[in-house]
Amino acid sequence: MAVKIDKKIKGYSVLTPEDKAREAAAPVPTASVARETVEKETQQDNIIQMHERIERPEVLIGSTYKIKSPLVEHAMYVTINDIVLNAGTEHELRRPFEIFVNSKSMEHFQWIVALTRIMSAVFRKGGDVTFLVDEMKAVFDPRGGYFKAGGVYMPSLVAELGAIVEEHMKSIGLIHDPEMSAHQRAILAEKRKQYEDRAKKNADVSAAPAAAPAAPAAPAPGAAEDIAVTGDGASFPPSATLCHKCSTKALVIMDGCATCLNCGYSKCG
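What you see is a predicted model; the values in this text were computed from it and never measured.

In total, this model carries 7 salt bridges according to the counting rule given. Close ionic contact of D141 with R143 constitutes a salt bridge, the shortest N to O distance being 3.2 Å. You can call R143 exposed: its relative accessible area is 63%. One network of salt bridges, with partners in common, ties together K137, E166 and K170.

Summed over all chains, the structure comprises 1 aromatic pair. Its end group placed over the ring of F97, R124 keeps NZ or CZ at 5.5 Å from the ring centre.

All right, on to the layout of surface pockets then. The volume enclosed by the second largest pocket comes to roughly 260 Å³. What lines the second largest pocket is a set of 18 residues, and nearest its centre among them are V101, N102, F109, I112 and V113. Only β3 (93-103) and α3 (109-125) provide two or more residues apiece to the lining of the second largest pocket. Residue contributions to the lining of the second largest pocket peak at 7 residues, all from α3. The residue inventory of the lining of the second largest pocket, partitioned by class, reads 9 nonpolar, 6 polar and 3 charged.

The next thing to look at is the sheet that holds strand β1 (residues 61-67). Judged by pairing direction, the sheet is antiparallel, and its 3 strands sit side by side in the order β1-β2-β3 without closing on themselves. Each edge of the open sheet is held by one strand with a lone partner, namely β1 and β3. The mean inter-strand angle of the sheet, taken between neighbouring strand axes irrespective of direction, is 20°. Taken together, the 10 bridges between strand β2 (residues 76-85) and β3 define a ladder with antiparallel strand orientation. Along β3, the bridge assignment pairs T79 with F100. Relative to the sheet, α3 contacts β2 and β3, its axis offset from that of β3 by approximately 175°. Against the sheet, helix α5 (residues 157-171) makes contact with β1, β2 and β3, and its axis sits at roughly 145° relative to β1, the strand it touches most.

Moving on, we come to α3. Relative to the 24 Å expected for 17 residues at 1.5 Å per residue, α3 spans 24 Å between its end C-alpha atoms, a close match to the ideal helical length. Residues of α3 that are buried: I112, T116, M119, S120 and F123. Down the axis of α3, the buried side of the element spans an arc of 105°, and every buried residue falls inside it. Summarising the geometry of α3, the exposed residues directed more than 90 degrees from the buried face are Q110, R117, I118 and K125. G126 occupies a position one or two residues after α3 and carries a positive phi of about 90°.

It is worth spelling out the nonpolar core at this point. Counting residues in each nonpolar core, the largest one holds 25 residues, and the members touching the most others are I67, M76, V78, I99, F123, V165 and M169. Those elements that place two or more of their residues in this core are β1, β2, β3, α3, α4 (131-137) and α5. When residues in this core are grouped by element, the largest group, 7 residues, is from α5. Discounting chain neighbours no more than four positions away, the residues touching M169 are P96, F123, V129, T130, V133, L174 and I175.

So, on to the side chain of N81. By the element assignment, N81 lies in strand β2. Among the polar contacts made by the side chain of N81, one reaches the side chain of E98 at a distance of 2.9 Å.

Here we come to the environment of I67. Residue position: I67 is located in strand β1. Once residues within four sequence positions are removed from consideration, I67 is found in contact with A75, M76, V78, L157, E160, L161 and I164.

Another aspect to go through is the pairing of strand β9 (residues 249-254). Each regular strand displays side chains that alternate between the two surfaces of the sheet. Of the pairings in the sheet, the one linking strand β8 (residues 241-242) to β9 comprises 2 bridges and is antiparallel in character. Residue pairing in the sheet places T241 in a bridge with L251 of β9. Adjacent in sequence and paired antiparallel, β8 and β9 are bridged by 6 residues, among which S247 carries a positive phi angle near 55°. Count of turn residues in the β9/strand β10 (residues 257-260) antiparallel hairpin: 2 residues, of which D255 carries a positive phi of about 55°.

Now for the side chain of S69. Note that S69 resides in the loop between β1 and β2. A polar contact of 3.1 Å, which involves the side chain of S69, links it to the backbone nitrogen of L71. Within the structure, the side chain of S69 is placed 3.4 Å from the side chain of Y146, a separation counted as a polar contact. In this structure, S69 is in contact with Y146, L157 and E160, ignoring residues within four places of it in sequence.

Calculation notes
Residue numbers restart at each chain and count upward from 1, following the sequence in its written direction. Totals for whole chains, interfaces and linings use all residues, but because this is a predicted model, local features are given only for residues with pLDDT of at least 70 and pairs of side-chain atoms are given and counted only at 80 or more. Based on all heavy atoms of the structure, the side-chain values leave hydrogens and waters out of the count. Every case where a carboxyl oxygen of Asp or Glu lies within 4 Å of a side-chain nitrogen of Lys or Arg is listed as a salt bridge. Each residue is assigned to one of three classes by its accessible area relative to the maximum for its type, calculated with a 1.4 Å probe on protein chains only: buried under 20%, partly exposed between the two thresholds, exposed over 50%. Between the rings of Phe, Tyr and Trp (Trp by its six-membered ring), a pair exists once the centres lie within 6.5 Å; its type follows the angle of the planes, with under 30 degrees stacked, over 60 edge-to-face, and the other angles tilted. In this scheme, the term charge over a ring applies when either NZ of a lysine or CZ of an arginine sits within 6 Å of the ring centre and within 35 degrees of the ring normal. Using a grid of 1 Å spacing that covers the protein atoms alone, one calls a set of points a cavity when a 1.4 Å probe fits there but cannot get out, and a pocket when the set is open and has protein on both sides within 12 Å along at least five of seven lines; lining residues are those with an atom within 4 Å of a point. Grid points are joined across faces, edges and corners, and a volume is the space filled by probe spheres set on the points. Strands here are runs of E lasting at least two residues and helices are runs of H or I lasting at least four, both read from the DSSP assignment and numbered beginning at the N terminus. Residues are grouped as follows: nonpolar covers Ala, Val, Leu, Ile, Met, Phe, Trp, Tyr, Cys and Pro; charged covers Asp, Glu, Lys and Arg; every other residue, Gly included, is treated as polar. Criterion used throughout: strands pair if DSSP finds at least two bridges between them. For every element, the axis is a line fit to its C-alpha atoms; helices are fit only across the contacting stretch, and the angle between N-to-C directions ranges from 0 to 180 degrees. A contact between two residues is defined here by any heavy atoms of the two lying within 4.5 Å. For a helix, the expected span equals 1.5 Å multiplied by the number of residues minus one. Working note: the arc is built from the helix axis to C-beta atom directions. The definition of a nonpolar core used throughout is a set of buried Ala, Val, Leu, Ile, Met, Phe, Trp, Tyr and Cys residues joined through side-chain atoms within 4.5 Å. Definition of a polar contact: a pair of N or O atoms within 3.5 Å, with one able to donate and the other able to accept a hydrogen when the atoms are protein atoms, and with sequence-neighbouring residues admitted only if both atoms are side-chain atoms.

Laid out in structure tokens, this is it:
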């Protein structure tokens with residue numbers, strides 16, 4: 001049977017037997033959808049995500065952190081302001097919007113201004129901004145780093161700024177730091193107790209009167225050692241070395257194995 005085509009052919013497709021069988025089949029009745037479900041799905045489309053076109057509100061909430069580094073004469077104050085998206089809904093989200101660093105020291109003024117402007121632009125761009133933490137904490141100072149209160153090693157001033165950003169992101173829920181389980185805490189407490197008991201035992205042995213008094217000799221390895229409070233409520237032996245896992249000066253030798261009294265890391269597994 002010939003069919004006359006009056007219009008221009010713009011495309012074509014071959015009708016297969018499967019297509020004919022599908023058209024001949026009875027239509028399956030669709031189930032009714034509740035109105036609440038439709039409204040909920042519609043609300044999902046109205047969720048506001050962070051992007052660069054969001055204008056800055058008149059008022060922002062934020063936090064200010066203090067950096068006291070031996071690399072600079074005066075303290076530095078880091079302020080991170082956050083914007084709250086979808087406020088009052090179940091999709092409420094708090095995201096960093098801008099960052100400022102203030103100090104009486106003008107030595108690092110130009111690079112600090114440049115760094116904070118770039119970081120603020122990245123915050124407003126949206127997406128996953130947690131990568132800034134790893135990038136900044138990996139920066140080291142060729143002149144050498146320093147130890148914060150608590151024995152935490154900072155390789156540079158930029159690295160400490162990255163640690164502050166990490167702390168802030170944890171406080172607003174952008175970064176979730178897995179906490180140690182009860183079993184791990186119990187093992188760590190047991191290791192600390194063993195080390196303190198051993199130090200106390202060595203102190204008792206060294207305090208015993210000698211048969212023949214002689215010139216004072218240097219203390220033998222493993223002798224008595226005071227447990228010094230290093231800050232932030234953490235107490236570690238003065239001879240402890242740096243743990244590469246938690247960057248804390250809490251690595252001691254126990255039973256011939258390097259063990260961290262802060263995070264529980266052990267070189268022997």
